[in-house]
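Overview (structure and organization)
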Amino acid sequence: MKELAGIWSELLDLPPDEIPHDVGFLRLGGDSVLAVRMSALVRKRLGVALALSDVRVETTLGELAELVRRRASGEPTARALPIKVTPRPDPHAEFPLLPLQQGYFVGQQDGWELSYDSAHYYLDYALTGVDGDEAADALADAVERLAVHQPTLRARVTSDGRQHVLPVAAPGAVPQVRVHDLREASAEEIAAALRDVRHEMSTRGPDPTRGPGLDLRLTLLPGGEGRLHLGLSLLIFDGWSSSVLSRDLLTHVADWNAALPPLEIHFGDYVTSLAELPATETWQADRDWWWSRLDALPGPPALPLAADPQEVRPITMGNREHRWSADRWAALRQQCTSRGVTPSTAMLTAFGVVLARWAGHRRMLLNSLQLNRLPLHPDVQRVVGAFAATMLLPLDLDPAATFAELATAVQATSGEHAAHNLVTGVEVGRELARRRGSRRPVGPVVFQSVLGVDAAMGGRPPEDAGPLGRVVATDYFHQLRTPQVAIEVRCFELGPEMGAVFSLVDELFEADQVTAAFAEFTALVDTLADGSGWDRVPGLAEAADPGQEDGGLRLGLLPEPAVRHQEGPPADELEQAVADVFEELLEVPVLDRGADFFGLGGDSLLAVRAVVRLAKEVGTPVPVREFLADPTVAGVALAVRSRLGDQR
Amino acid sequence: MIGLLGGTGAVGRTAAHRIAAYGLGPLRVGGRDLSRATAVAAALPGPAHAVRVDLNDPAELAAFCSGCRVVVNCAGPTYQVLDTVARAAFAAGADYVDIGGELAAKDALSSRDTDRGSRIAVFSAGVMPGLSGLLPRLLADGRRLRRLDVYVGGAAVFTPLSAVDALLTRGPKFGVPMAAWREGRIVPNTLGPLHGVRLPGFPVPVHAWPYLTTEAQTLAVDTGADEVRSYNVFVSNRLPDALASVWAEVADTDPAALAHRADAVTRASRLDRADFGAFYVMLFTARPHPGAPPGPTRVLLTAVDSYALSGVVTALATRAVLTGSVPEGVHLAAEALDPDATAAALHDDPLVDQLTVL
């Protein structure tokens, strides 16, 4: 570093100790010629050869030192992750949203088709042997202690799409527990109350821009029974986190003095460290890997639709749910082991087969939710936060293959794609949409499996919860709302059993088709558990891709809103003002009224910021959905104009 | 008689053709190779004859200029020619037009105490500098601008001579890289290169390197624009990389040393053209102050061949001199030609694919 600072000081004519490590060469007075000289000096004095493309005028001294270090050590571009997570000096400082959080955030602003006021997961489950007089206090106390151990319980999202953690002492920082005492109520009253609370918590999730991302309620029922209700904002907690949270919570409730091993790092530290990722070669290699495949990726399964997603305004998602007994689930696990695939792969393949039959073609793009965190720190698995990412996964099912052969191929494809997970599905999807010129979600069909998570967390969750009594994991109710999803399958464990659920936007599909597809799915899984299904050829359509012969609405083949504006310079001061806001956020020249915010490199989070910025500039807010529906300079100006017209 | 030097080159052939086609008068086409000059003269749509001339030979040069109303120079390289031909033209009582020259030649000629009489000289009567400083003036007509942007470039093959000229285009007499003009002064190290950006009129995403030329600085002063950004546009980073490499390794601006290294530059330009095909785009955009009177905000010119286009500009400058629309004295074309008349003539020229003022 000292040597490098010396070289920079010579070239830039600055004292070596006054060269900051985090300011680009350009800002310090360098240019491309000096950059070439700089790399020549590095070669001469340090004996390290840098490629011309390595040294950009934007490079900082810190980045250069890292680059030189890696070049000098001949470090291979293996998957050694080149970043470390360390605690941030200010744990309450703002940090950015991760890509999937951005997606949920924009969805929550009603940004695109298939969005909801909140992206959240609702779950309630039964308790027995509840100490009705102690339970509420014990739960509230446990939440307070847990909010110290897991700061994400105090997380908030700002209106321009960033996040931070409130201090413990800040008013309202810690989620409050609400208690419904129905110990004296009649059966009818209880049924009605339960229906109401489920309806309320399913249709209105916690909003982390206004309060905690966790809505926690306790219903006390006669006979020492009860139910625990959890509303979890997906902006704050991922599926893995809800398991961790549940475990930590029960541990704290069960024992007043429980002290979990302290966490060295938290979600904000992880996210802050990830910001360094795009500068690394490993990340760039993953990006190149994805980018080189984008043009060959198939579309989503062309499922027949009952309505255009653009036209529906869903409130909740519909469910089709099935459970497999402990015996069946054990048998399935054993079959999977002998076939050399994971249970998740078997379920994914079964889902793919069902979709292929339903859609009438066998090549398709699925979106899978990935709960694994990058192993950047030993504590990372014990931390609560919205770590999850998506991964786009193309399936190309061979019509001549047996189920076992399909599953083997799917496992290979899945593993190959997961090996390039530094660039997430949200980022890949953005680029894909940009290249396709599409505004529609690129991966509206989702696969999610948390099979094996319990084992990864060291066994099943605790059942004994002190004053809360015992958890009856198999007596539960749940409801999910995720934006930009038409249909998804979730596979999960419930104590000793396995469950699978199709969650879908009911308004989009013919109900009998969904029922038939789900029946086919469960029947297929049954044949995998009893062993008979593996060596059968599932009988898929020959067609790789959907044909256009059918005039009906099909997923992935929907018309793009064909808004075309005459190209040309901004036509008036309002269009120029919009272009200026685009330019400020995107840091590229915006010179044409037809210029598209996404085509210029924007993403949906930046779009939300542009909306905020524009409201300041022109005095009226444009709804995010209108911005995204026609994100050109002329289109946004038109939206502003119609708003201004409305006000008059 | 109109004397034209360098008439056999990439620019000169077009200049000669246009001068003849405009009917500005009989042409004397000079070149070092008489047979090639004769071939050019024979193909012109007007009276013309060829003369062998070496512009390093003062006697030959004087003889060439003698009897001319105007001498037009399309020969380079500029750094060698400087004001040599201009002085010979003035001595012969002729006006002068030069495809190149820039401030170096203009200053050289202006600083000599030769008696210029009522003679006219116009330097930098090409595409860039020249057209690049002239066309944006269409946008400033009578109103103050908040911002003026210049994007010029494309994929064009550098000849060995033009590569050396490009390599010599360095230093404060030419421009400041990474700088913008703001509120009346040069602000260094403020703009970064743009990579893979889409710009109106450019057929592919491009790389734009900020370079605040002296021409752009003059433009800023003359138009009173609050901010001026000027970019050299490339289809890949090959040329910027090649130029930077040569500059980094050849410390001084010694033409001989640079000529030795010009290969790398011409090679990069050939690869660019092979990948993208030849094209040349000049894009100028203006952002007027809110409430300013209405007027155009974009000038866009596209062409295939920037050399031929330069020849057209040289011919138009010659016509302007001959028709009395340029005042006496030593000028740069961008400051001396009439933007509207030049744009109108270019609009109708078959070598210009498109010239729009919107």
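Residues numbered from 1 in each chain as written. Chains lettered and ligands numbered in written order. Predicted model: local features only at pLDDT ≥ 70, side-chain atom pairs only at ≥ 80, totals over all residues. Heavy atoms only, no water.

What about the interface of chain B and chain A?
To keep things clear, this is the line we draw: Contacts between residues were defined by any pair of non-hydrogen atoms, one from each residue, lying within 4.5 Å. Put simply, buried area is the surface a 1.4 Å probe can reach on two separate parts but cannot reach once they are joined, added for both. By definition, a salt bridge exists where a carboxyl oxygen of Asp or Glu is found within 4 Å of a side-chain nitrogen of Lys or Arg. Put simply, DSSP H or I for four residues or longer makes a helix, DSSP E for two residues or longer makes a strand, and each gets a number counted from the N terminus.
Each partner contributes residues to the interface: chain B has 35 residues there, and chain A has 27 residues. For the pair chain B and chain A, the summed buried surface comes to about 2,300 Å²; carbon and sulfur atoms form 56% of the total. Along the contact surface separating chain B from chain A lie five salt bridges. When the shortest N-O distance is used, the salt bridge between R146(B) and D580(A) registers 2.9 Å. Among the elements of the structure, β7 (145-155), β11 (194-197), α11 (238-249) and β14 (279-288) of chain B are those that each provide at least two residues to the side of chain B that touches chain A. Looking at which element gives the most residues to the side of chain B that touches chain A, the answer is α11(B), with five residues.

Observations concerning the confidence of the model for chain A
The cut-off we apply is this: Scored from 0 to 100, pLDDT records how confident the predictor is in each individual residue.
Averaged over chain A, the pLDDT score is 90; the fraction of residues at 70 or greater is 97%. When mean pLDDT is compared element by element in chain A, helix α15 (residues 511-529) of chain A scores highest at 98, while helix α14 (residues 453-456) of chain A scores lowest at 76.

Topic: the pattern of salt bridges
Here is the rule we go by: Throughout this description, buried means an accessible area under 20% of the type-specific maximum (1.4 Å probe, protein chains only), exposed means over 50%, and partly exposed covers the range between.
Overall, the coordinates contain 57 salt bridges over all chains when judged by the stated rule. A salt bridge links R87(B) to D83(B), with the nearest nitrogen and oxygen atoms 3.3 Å apart. The partly exposed category is assigned to R87(B), whose relative accessible area is 32%. Several salt bridges share partner residues, and in doing so they unite D580(A), E583(A), R146(B), R147(B), D149(B) and R287(B) into one network.

Examining the sheet that holds strand β2 (residues 120-128) of chain A
Residue and element names in this part refer to chain A. Under the convention used in this document: Strand pairing is defined by DSSP finding a minimum of two bridges between the two strands. Fitted lines through C-alpha atoms serve as axes, helices being fitted only where they are in contact, and the angles separating the N-to-C directions of these axes extend from 0 to 180 degrees.
An order of β5-β6-β7-β2-β12 is seen for the five strands of this open sheet, with the pairing classed as mixed. Only two strands of the sheet have a single neighbouring strand rather than two, namely β5 (177-181) and β12 (470-481). Across the sheet, the axes of successive neighbouring strands diverge by a mean angle of 15 degrees, strand direction being ignored. Across five bridges, β5 lies against strand β6 (residues 214-221) in parallel orientation. Bridge assignment links D181 to a residue of β6, and that residue is L220. On the sheet, helix α5 (residues 135-149) packs against β5, β6 and β7 (225-233) and is oriented at approximately 165 degrees with respect to β6.

A closer look at the domain arrangement of chain A
The test is simple: Reported domain spans reflect what an automatic or database domain assignment gives.
Under the domain assignment used here, chain A contains domain 1 (2-72), domain 2 (95-267), domain 3 (317-461 + 469-529) and domain 4 (573-647). A C-alpha centroid distance of 38 Å is found between domain 1 of chain A and domain 4 of chain A.

Some details on the environment of V636(A)
Residue and element names in this part refer to chain A. Residue placement: V636 occurs in helix α19 (residues 633-647). For V636, a relative accessible area of 0% translates into the label buried. Along the sequence, V636 and E311 sit 325 residues apart, while their C-alpha atoms lie 21 Å from each other.

Structural notes on the packing of aromatic side chains
The way to describe two aromatic rings as a pair is by their centre distance and the angle between their planes. All names here are of chain A. Heads up, the rule is: Aromatic rings from Phe, Tyr and Trp, taking only the six-membered ring of Trp, are treated as a pair when their centres fall within 6.5 Å; an angle between ring planes under 30 degrees marks them as stacked, one over 60 as edge-to-face, and anything in between as tilted. Sitting over a ring, as applied to charges here, requires NZ of Lys or CZ of Arg to be within 6 Å of the ring centre and within 35 degrees of the ring normal.
For the structure shown, the criterion picks out 21 aromatic pairs over all chains. Their ring planes at 70 degrees and their centres at 4.7 Å tell us that F502 and F518 sit as a pair that is edge-to-face. With F502 in strand β14 (residues 497-504) and F518 in helix α15, this residue pair connects regions lying 16 residues apart in the sequence. Its relative accessible area of 1% is what places F502 among the buried residues. When the ring of F582 is compared with that of F597, the centres are 4.9 Å apart and the planes differ by 70 degrees; the resulting orientation is edge-to-face. Of the two residues, F582 is situated in helix α16 (residues 573-586) and F597 in the loop between α16 and α17 (604-618); the sequence distance between them amounts to 15 residues. Note on accessibility: F582 and F597 belong to one class, buried. Grouping aromatic residues by their ring pairs yields a cluster made of F351, F447, F502, F518 and F521. A cation over a ring is seen here: R293 above W289, with NZ or CZ 3.8 Å from the ring centre.

Considerations on empty space enclosed by the protein
Going by this rule: The rule is simple: put a 1 Å grid over the protein atoms alone, call a set of points where a 1.4 Å probe fits but cannot get out a cavity, call an open set with protein on both sides within 12 Å along at least five of seven lines a pocket, and count a residue as lining if it has an atom within 4 Å of a point. Grid points are joined across faces, edges and corners, and a volume is the space filled by probe spheres set on the points. Gly falls in the polar group here, along with every residue not listed as nonpolar (Ala, Val, Leu, Ile, Met, Phe, Trp, Tyr, Cys, Pro) or charged (Asp, Glu, Lys, Arg).
Summed over the entire model, instances satisfying the criterion amount to two cavities of 30 Å³ or more. Counted as a void, the largest cavity has a volume near 70 Å³. Around the largest cavity, the lining residues are P569(A), P570(A), Q576(A), V590(A), L591(A), T285(B), A286(B), R287(B) and T297(B). For the lining of the largest cavity, the element with the highest residue contribution is β14(B), accounting for three residues. Partitioning the lining of the largest cavity into residue classes produces five nonpolar, three polar and one charged. Of the voids in this model, the second largest cavity is the one considered here, and its volume is about 40 Å³. Lining the second largest cavity, in full, are M128(B), S132(B), G133(B), V150(B), T213(B), E215(B), A216(B), L219(B) and S230(B). Broken down by secondary-structure element, the contributors of at least two residues to the lining of the second largest cavity are α7 (131-134) and α10 (214-223) of chain B.

Digging into the pairing of strand β13 (residues 487-494) of chain A
Residues and elements named next belong to chain A. In terms of burial, β13 is largely enclosed, as seven of its eight residues are buried. Relative to β13, strand β11 (residues 445-449) runs parallel, the two being bridged by five bridges. Its bridge partner lying in β13, F447 is registered against V489. The pairing of β13 with β14 spans eight bridges and is classified as antiparallel. Opposite E488, over in β14, you have S503 as the bridge partner. Hairpin connection from β13 to β14: two residues lie between these consecutive antiparallel strands, with G495 at a positive phi of about 55 degrees.

What about helix α3 (residues 58-65) of chain B?
All names here are of chain B. Note the cut-off: Throughout, the arc means that of the directions going from the helix axis to the C-beta atoms. What qualifies as a polar contact is a pair of N or O atoms within 3.5 Å, subject to a donor-acceptor requirement within protein and to the restriction that residues adjacent in sequence count only when both atoms come from side chains.
By the burial criterion, the buried members of α3 are L61, F64 and C65. With its buried residues spanning 95 degrees around the axis, α3 presents them on a single face. Along α3, the residues that are exposed and aim more than 90 degrees away from the buried face are A59 and A63. Considering only its buried residues, α3 is in contact with β1 (2-5), β2 (27-31), β3 (48-52), β4 (70-73) and α5 (84-91). Of the residues flanking the start of α3, the one acting as N-cap is D57, its side-chain oxygen 2.9 Å from the backbone nitrogen of A59.

Overview of the side chain of T402(A)
Its place among the elements puts T402(A) in the loop between β10 (389-396) and α12 (403-418). Dropping the residues within four chain positions of it, T402(A) is found in contact with W534(A), D535(A), R536(A), V537(A) and P538(A).

Here's the deal with the domain arrangement of chain B
Residues and elements named next belong to chain B. When its domains are assigned, chain B resolves into domain 1 (2-128 + 307-353) and domain 2 (142-294). Computed over C-alpha atoms only, the centres of domain 1 and domain 2 are separated by 25 Å. Between domain 1 and domain 2, the residue contacts involve 14 residues of the former and 20 residues of the latter. Interface area for domain 1 against domain 2, summed over the two sides, is near 1,300 Å², with a carbon-plus-sulfur share of 67%. Looking at the side of domain 1 facing domain 2, the largest losses of area belong to Y79, M128 and Y307, adding up to 43% of the total buried there. Where domain 1 touches domain 2, the interface holds one salt bridge. For the pair domain 1 and domain 2, the interface holds four residue pairs in polar contact (both at pLDDT 80 or more). Contributing elements (two or more residues each) for the side of domain 1 that touches domain 2: α4 (78-81), α6 (102-111), α13 (306-322) and α14 (333-336).

Digging into the sheet that holds strand β3 (residues 155-157) of chain A
Residue and element names in this part refer to chain A. With antiparallel pairing, the three strands of this open sheet are ordered in space as β1-β4-β3. For this open sheet the edge positions go to β1 (95-96) and β3, each flanked by a neighbour on one side alone. Two strands pair when backbone bridges link them, and β3 and strand β4 (residues 162-165) are joined in this way by three bridges, in the antiparallel orientation. Bridging across to β4, R156 finds its partner in H164.

Brief notes about the packing of α13(B) against helix α15 (residues 339-347) of chain B
All names here are of chain B. Going by this rule: Oblique is the label for any angle not under 35 degrees, not over 145, and not in the 65 to 115 range, which are roughly parallel, roughly antiparallel and roughly perpendicular in turn. A clockwise turn of the near helix away from the far one marks a right-handed crossing, whereas an anticlockwise turn of less than a right angle marks a left-handed crossing.
Remark: α13 packs on α15, axes separated minimally by 11 Å, with the N-to-C direction vectors making an angle of 130 degrees. Taken together, α13 and α15 sit at an angle that is classed as oblique. With respect to the hand of their crossing, α13 and α15 are arranged in right-handed fashion. On the side of α13, the interface is formed by L309, V312, L316 and R319, while α15 contributes T342, A345 and L346. Considered class by class, the residues forming the contact of α13 with α15 number five nonpolar, one polar and one charged.

Some remarks on helix α2 (residues 32-46) of chain A
For an α-helix the count is 3.6 residues per turn, leaving residues at separations of three or four pointing the same way. This is how it is decided: Here a helix's expected span is defined as the number of its residues, less one, multiplied by 1.5 Å.
With 15 residues, α2(A) extends 21 Å between its outermost C-alpha atoms, agreeing within 8% with the 21 Å of an ideal straight helix rising 1.5 Å per residue. In this fold, the buried residues of α2(A) make contact with α1 (2-12) and α3 (61-72) of chain A together with β12 (206-213) and α11 of chain B. G47(A) occupies a position one or two residues after α2(A) and carries a positive phi of about 65 degrees.

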